[in-house]
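# Summary of the model geometry
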Amino acid sequence: PGLVRAKPGWNDAGGVFYDEPGPLNGITPTRDDPIAALADLTVDFPFQDEASRHNVYAGMLTLIMRPAIEGPVPFFLAMASLERTGKGKLIDTTFGVAVTGATVPPMQVGREEAETEKRITAQVLRGTSLIHLDNVPIGEALDSASLASLATAWPRWSGRLLGSSTVVEVPNRMVVTMSANNPRATGELVKRTVPIVLAPKNDHPELREDFVHPDAIGYAAAQRPRVLGALMGIVDGWTRARKPVAPLRMGGFERWASVVVSACRWVGFDSVMGNYRDWCSAANDENADMETLVEAWAGKHGHDTVTAAQILDLVEKTGTFQNVLAKPTRGGQMVSLSKTVLTPLTDRPVGKYV
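Residues numbered from 1 in each chain as written. Predicted model: local features only at pLDDT ≥ 70, side-chain atom pairs only at ≥ 80, totals over all residues. Heavy atoms only, no water.

### A closer look at the pattern of salt bridges
What counts here: Whenever Lys or Arg places a side-chain nitrogen within 4 Å of a carboxyl oxygen from Asp or Glu, that contact is recorded as a salt bridge. Labels follow the DSSP assignment, with helices taken as runs of H or I lasting at least four residues and strands as runs of E lasting at least two, numbered in each case from the N terminus.
Under the definition given, this model contains 11 salt bridges. Measuring nitrogen to oxygen at the nearest pair gives 3.4 Å for the salt bridge that ties Asp40 to Arg226. Taken together, the residues span a long stretch of sequence, with Asp40 in helix α1 (residues 34–41) and Arg226 in helix α7 (residues 216–240) at a distance of 186 residues.

### Quick notes on empty space enclosed by the protein
Note the threshold: Think of a 1 Å grid over the protein atoms and nothing else: a 1.4 Å probe that fits but is trapped marks a cavity, an open set flanked by protein within 12 Å on at least five of seven lines marks a pocket, and residues with an atom within 4 Å of a point count as lining. Grid points are joined across faces, edges and corners, and a volume is the space filled by probe spheres set on the points. Three categories are distinguished: nonpolar for Ala, Val, Leu, Ile, Met, Phe, Trp, Tyr, Cys and Pro, charged for Asp, Glu, Lys and Arg, and polar for the others, with Gly belonging to the last.
Enumeration over the complete set of coordinates arrives at three cavities of 30 Å³ or more. Its boundaries defined by the atoms lining it, the largest cavity holds a volume of some 60 Å³. Along the walls of the largest cavity sit Arg66, Pro72, Val73, Phe75, Leu150, Ala151, Ala153, Trp154, Asn172, Met174 and Val176, which together make up its complete lining. Per-class residue counts for the lining of the largest cavity are nine nonpolar, one polar and one charged. Of the volumes computed, that of the second largest cavity is approximately 40 Å³. Lining the second largest cavity, in full, are Leu41, Val43, Asp44, Phe45, Thr93, His213, Ala216 and Tyr219.

What is shown is where atoms sit, not what they do.
Structure representation (structure tokens):
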């Protein structure tokens, strides 16, 4: 708290015992061009834009500043249009080895919501500080109430234990990274996610040979003291400059933005979160489906009273709300349509309609 650096041993502020590992002994904030140190670490990754690169740096800063951020932090999603583009290696290199000293344990998102909740609870209960939700398949949407809750669960997470119905409540300081190919997501998760986009240079990214650092993981391990010194230098310099605040509206994550985004922009990472609005517009399947359905509804029925069955016919015709159409029976589709589409749409502005 207060962005005071922990000392080895017990720290009353925050209730932290810091057992400083040998490789980190003597690391101090460096003011020797932190931008160069981080740029060198990430030089081989094909970022789509500077915003994606700078969002990685924001994620790295989030990890070392997490105990001082008195509020929830967003997820960080590495995505690409093709497999084998380096999403997992980016997470392992930057968030993992360079900051925490180890690769990031992957976790699969469960097919069932109860399973996802219990997997998350197991990780939080372990005190895991960083996880990687690995490779959401192409065409599948990021859609989980438990994940959405995890993003805003601060300072504590409440969930059920694996193999039990017991509910536990434990402190939560976990930072969540995800990777996916051409992901789609619900509005709840889109707005809680920082986008990191990799753009493959050709259709066989796994055959690349033009690497500056061919062994990215090994290089990150060797550069860890330099990288941590640079990250600490950013925090130190921003603090000495009296913590100028860069305005960014990200509902629920104002404290994170006021610290991490502000420090990034102060040091010169001006594009951080520059792709956030575009990501929210492009990836939110729910909003896109609502707009398509309501436009079709107005075109066919105008202001006439309609039945739910007529709306379901439009859902089938427009191919929207695949979660509804995935139900095996017409009755199941009607129930899902009522709960997940029609009820949320009540009195809701959608485009030029209500």
